[in-house]
Amino acid sequence: MEQLRSNLSRVRIPEPTNRIYKQECCISFDTPKSQGGLYIDMKSFLAFGKDYVCWNYEKTANPIYLHIKHTFKSIPEDRPLKKPTLLAIGTDGGFDNNAPEYVETVNIIILPHFLSLPFPSVELPEKVRLAVDAILLAEGAERKEQLAFWTADKKQISAYAMNLPQIDNNVIVPPSGWKCCKCDKMDNLWLNLTDGMIFCGRKSWDGTGGNNHAIEHYKETNYPLAVKLGTITADLEAAGETSYGSSDVFSYPEDESVEDPLLAQHLAFFGIDFSSLQKTEMTTAERELDQNTNFDWNRIQESGQDVEPLFGPGYTGLVNLGNSCYMASTMQVVFSTQSFHSRYYKNQNLKLAFEAAPADPTVDLNTQL
Ligand SMILES: [Zn+2]
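Definitions and cut-offs
Residues numbered from 1 in each chain as written. Predicted model: local features only at pLDDT ≥ 70, side-chain atom pairs only at ≥ 80, totals over all residues. Heavy atoms only, no water. UniProt positions renumbered as here; feature names shortened; annotations may be inferred. Helix = DSSP H or I, 4+ residues; strand = E, 2+ residues; numbered from the N terminus. Contact = heavy atoms within 4.5 Å. Areas by Shrake-Rupley, 256 points an atom, 1.4 Å probe, with all protein chains shown as cover. Phe/Tyr/Trp six-rings, centres within 6.5 Å; stacked < 30°, edge-to-face > 60°. Buried < 20%, exposed > 50% of the residue type's maximum accessible area, 1.4 Å probe, protein only. Lys NZ or Arg CZ within 6 Å of the ring centre and 35° of its normal.

The protein chain has the name ubiquitinyl hydrolase 1 in an unreviewed UniProt entry, where Coptis chinensis is given as its organism. For the protein chain, the Catalytic activity (unreviewed entry) comment in UniProt is given as "Thiol-dependent hydrolysis of ester, thioester, amide, peptide and isopeptide bonds formed by the C-terminal Gly of ubiquitin (a 76-residue protein attached to proteins as an intracellular targeting signal)."

As structure tokens, then:
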């Protein structure tokens, strides 16, 4: 307890904005269910498995950790095994879908000697009790990242939309019959919302698309926003909800499709009444969806060729989790690259990488690779 009191300055009570890791070690794949449990640094809120928490102590000298361990409850042997009688899950007679139950044990651990103090305990300093409560209540940063990943496709309002400069050079854009100002392209055209100039879009990886004139115009002028002609639809109010169908506004400096809440006004500046326009072209999001659903597998599958199965050292891939074959094949290609192999596999030392990493190693590409 004395050691804990003398190190109170190395304990922080997390604030709502702090990222708290409590589901997986930032170096290994250890979780609270691993044999050694998980150690959460009570100053940085990073999590470490038993084999790696000492590395963190050496690097930061932070001695106070919240140790979380999940132990599965053993099923009593006298409990009769219920055989499913129904092809169903989670209902009477069906398969049991309950995850195995576990018991959570929480301790305060003080390094380097792994001194253990039980939690909860009235003897613990209030600061420690508040910090532990906040950590246990918090949603883990790992889970937040998963959610962020799945919602990453939603378009954001452009930082350039609200104060977009528009130059009055008497441009009136007709409702149809557009053409690139620099070439003969008549589809995949983008109207720059600052000067009203119309240019063709980017060249796609498969050779289709435009001649890059719209993005070249941005590089010359820095006018940030363009809307794809033929995608402008009247559902502007619903645009936030239906990002697939709504008008396709691209922000060059932000390098992604964005929402422009003032699009009607920006278009009216060039004489365009959006309610009179028909949607004739796919938006970027629709195009991506189309390319992914109508992909030609034969192009990458070596169909018709005799291929020889290989195995042994250097040919062993990752275990397929059921949906991870894409990642496994990508990693296989990456690992067959000589420079990657020698940089991250042969000459890399995980501990040195961790020591050289910035304060949050979870965002350090070098450590994570
Ligand atoms: Zn062009």
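That was the structure; now back to the text.
**Things to note about the overall build of the protein chain**
From N to C terminus, the protein chain includes eleven helices and eleven strands. Considering only contacts in the protein chain between residues 6 or more positions apart, those separated by 24 or more positions represent 64%. For the protein chain, the exposed surface amounts to about 23,600 Å²; the carbon and sulfur share of it is 54%.

**As for the packing of aromatic side chains**
A complete count under the given rule lists ten aromatic pairs for this structure. Judged by centre distance (6.3 Å) and plane angle (40°), the ring pair of Trp55 and Phe354 falls under tilted. Linking Trp55 in helix H2 (residues 53-60) with Phe354 in helix H10 (residues 350-356), this pair joins segments that are 299 residues apart in sequence. In this structure Phe354 comes out as buried when scored by relative accessible area, which is 1%. On the basis of an interplanar angle of 65° and a centroid distance of 5.3 Å, the ring pair of Phe250 and Tyr252 is categorised as edge-to-face. The same class applies to Phe250 as to Tyr252, namely buried. Taken together, the aromatic side chains of Phe48, Tyr52, Trp55 and Phe354 make up a single cluster linked through ring pairs. Looking at Lys33, its charged tip hangs above the ring of Tyr102, at a distance of 4.8 Å from the centre.

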